[in-house]
Amino acid sequence: MFATFMIDQLDALTLARIQFAFVVSFHIVFPAFSIGLASWLTVLEFRWLRTGNPVFAEVYKHWVKIFAVVFGMGVVSGVVMSYQFGTNWAVFSDKAGNVLGPLLAYEVLTAFFLEASFLGIMLFGWGRVSKRMHFVATATVAIGTLISGFWILAANSFMQTPQGFMVGADGLLYPTNWLEIIFNPSFPYRYAHMMTAAFLTTAFVVGGIGAYYLQSKKHIEHRKHGRVMLGMAMIMAIFVAPAQVLIGDEHGLNTLEHQPAKVAAMEGIWEDERGAALRLFAIPDQENQTNKYEVKIPYVTGLILTHSLDGEVKGLKNWATEDQPHVIIVFWAFRIMVAIGMLMVLVGLFSVYKYFKKQQFSPDSKLFHRAWMMMTPLGFIALLAGWFVTETGRQPWTVYGVIRTAESMSPLAAQQVATTLIGFIIVYTFVFGAGSFYILRLIGQGPKPYTDPAEDNFYEHSVTEGQGRTLSGDNDPAGHTTKQDIDTPADDIDDGGLR
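Figured I'd write up the structure that's included with this text. As the structure is a prediction and not an experimental result, all values here were calculated from the model.

### Thoughts on the overall build of the protein chain
What the protein chain contains, in helices and strands, is 16 helices and eight strands. Looking at the 499 residues of the protein chain, the share that counts as buried comes to 48%. Within the protein chain, contacts between residues at least 6 apart in sequence are counted, and of these 77% link residues at least 24 apart. Accessible surface, the protein chain as shown: approximately 23,800 Å² in total, 65% of it carbon and sulfur.

Here it is in structure tokens:
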């Protein structure tokens, strides 16, 4: 019934866009979370090496399991997203492949191979390699995630603000200057904004769970871990959340210069407006090119975007209707993102107050801890809202001003796209539902006690003496090895809690 409705009411292009939005919405959450987690785990391990405090090691070993699940789900969803370029968007891949193909290949060669090389050591090398080597592995994986974000956002930013290319007689895009392609006008702002968003999203997840441990009667033994989590997250909320506001402001000014139609949609402005008002609430009516039920504050948007009370902001009517983005999505997604960002700043201010009162870890600070727990999922919502602004605001273009979305799709029937969309919904619900359930189960268990392995165990393996003799062909004629010895695993080897 659902499939019939989609086929009858929606064309193949709309279904393909819905499918890509569905897949990328799942995908973006996991890489962003893994970027933040990898960097935080690096800091945690560094603190453990410097202080020797086992609490840092216990928190690390707890969260590295969550990181493994998040990283795996990010890889799986990323493969599916890449697959769609060849199935649903083959024309776009053909036209833009000369530019975007190498950028994505660089991401694999410089970032994914780097992460893959050291991920095994990070996840399974605890107690098998030296402490410094394990720290190097963790730091390398963290650097790899940042490099991965660099190339992916370079490719996406090119689609937003393309330069350094030419359109050949065959209609294909050809690179003329790789530095201009990579460092296109919006890339520095987008990269800074996205990496900061990843760090903040992770910080509020970690801090919210730390606050939960501090308040939960079931986790009294984990309150020391909660103090570490919440304390480190507070630093991000106090210093990085306000910085994100400034970065977002610079990103907005850059967007106003290069994609003014997107900014007009974000602000719900239809006519050219001097001293543009900030619309706190409105229902954009794209058919009639106006807003309904406006609640606005004069001059604020003009002041933010032009840094002048009488600065002019162009309205959407400067563009033909077919060249305008879908305004209501951009308008409200932008407000959701900004509102959550302001909540993060407020929680940061609340954290400053509690810090100076020396009450940030007190079980009596219930309101403070509940505020952090409430913020736990909001970073992901802000992340998705921001990407809806970015991608929907670029429409009706896949490469802004160069290739239209309607010209980018493969020659597919609506039934074909609807079938794969339903399949993705079913599979994603099962796979990512199971992964998310496992993560919540790990959080519910909390960190486990940790005993530092002896130095002489660093290069031992979890293969018993008897198993080693069997593998080497030694039949032990003296009869010193029993079947029980062969089958009994070594208990003195710390496998990082992953065995």
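### Structural notes on the pairing of strand β5 (residues 290–297)
Judged from the six bridges that link them, strand β4 (residues 278–285) and β5 form a sheet pairing that is antiparallel. By the bridge assignment for β5, Asp285 is matched with Thr290. Hairpin connection from β4 to β5: four residues lie between these consecutive antiparallel strands, with Gln289 at a positive phi of about 55°.

### Remarks on the packing of aromatic side chains
Tallied over the full model, the rule gives 30 aromatic pairs. Through pairs of rings, three or more aromatic residues link up here, namely Tyr106, Phe150, Trp151, Trp178, Phe183, Phe187 and Tyr191. Its guanidinium or amino end placed over the ring of Phe331, Arg335 lies 3.6 Å from that ring's centre, counting from NZ or CZ. Residue placement shows Lys358 over the ring face of Tyr355; its charged tip is 4.9 Å from the ring centre.

### Observations concerning helix α4 (residues 90–124)
The end-to-end C-alpha distance of α4, which contains 35 residues, comes to just 40 Å, noticeably less than the 51 Å that a straight helix rising 1.5 Å per residue would cover. Of the residues making up α4, those classed as buried are Phe92, Ala96, Val99, Leu100, Leu103, Glu107, Ala111, Glu115, Leu119, Met122 and Leu123.

### Details of the packing of helix α11 (residues 327–356) against helix α12 (residues 366–375)
Where α11 contacts α12, the axes come no closer than 11 Å and their chain directions differ by 150°. Classified by the angle their axes make, α11 and α12 are roughly antiparallel. For the crossing formed where α11 meets α12, the hand is left-handed. Contacts between α11 and α12 involve Ile340, Leu343, Met344, Val347, Phe350, Ser351 and Lys354 from the former and Leu367, Phe368, Trp372 and Met375 from the latter. When its residues are assigned to classes, the contact of α11 with α12 shows nine nonpolar, one polar and one charged.

### Some words on the side chain of Asp285
Tracing the backbone through its elements, the reader meets Asp285 in strand β4. Within polar-contact distance, the side chain of Asp285 engages the side chain of Asn288 at 2.6 Å. Beyond its immediate stretch of four places on either side in the chain, Asp285 contacts Trp270, Thr290, Asn291 and Lys292.

### As for the environment of Phe334
If you trace the backbone, Phe334 turns up in helix α11. Taking C-alpha positions, Phe334 is 8.2 Å from Phe388, a pair spaced 54 residues apart along the chain.

### Notes on the nonpolar core
If you look at the biggest cluster of nonpolar residues, it comprises 83 residues, and the most contacted ones within it are Trp40, Leu44, Trp63 and Phe67. No other element matches the 16 residues that helix α2 (residues 12–51) contributes to this core. In this structure, Phe67 is in contact with Ser34, Leu37, Ala38, Leu41, Leu119, Met122, Leu123 and Val141, ignoring residues within four places of it in sequence. If you look at the next biggest cluster of nonpolar residues, it comprises 20 residues, including Ala233, Ala241, Met344 and Ala382.

Calculation criteria
Residues numbered from 1 in each chain as written. Predicted model: local features only at pLDDT ≥ 70, side-chain atom pairs only at ≥ 80, totals over all residues. Heavy atoms only, no water. Helix = DSSP H or I, 4+ residues; strand = E, 2+ residues; numbered from the N terminus. Buried < 20%, exposed > 50% of the residue type's maximum accessible area, 1.4 Å probe, protein only. Contact = heavy atoms within 4.5 Å. Areas by Shrake-Rupley, 256 points an atom, 1.4 Å probe, with all protein chains shown as cover. Pairing = 2+ DSSP bridges. Phe/Tyr/Trp six-rings, centres within 6.5 Å; stacked < 30°, edge-to-face > 60°. Lys NZ or Arg CZ within 6 Å of the ring centre and 35° of its normal. Expected span 1.5 Å × (residues − 1). Axes fitted to C-alpha atoms, helices over the stretch in contact; angles between N-to-C directions. Parallel < 35°, antiparallel > 145°, perpendicular 65-115°, else oblique. Left-handed = near helix turned anticlockwise from the far one by under 90°. Nonpolar A, V, L, I, M, F, W, Y, C, P; charged D, E, K, R; others polar. Polar contact = N/O pair within 3.5 Å; in protein donor to acceptor, adjacent residues only side chain to side chain. Core = buried A, V, L, I, M, F, W, Y, C linked by side-chain atoms within 4.5 Å.

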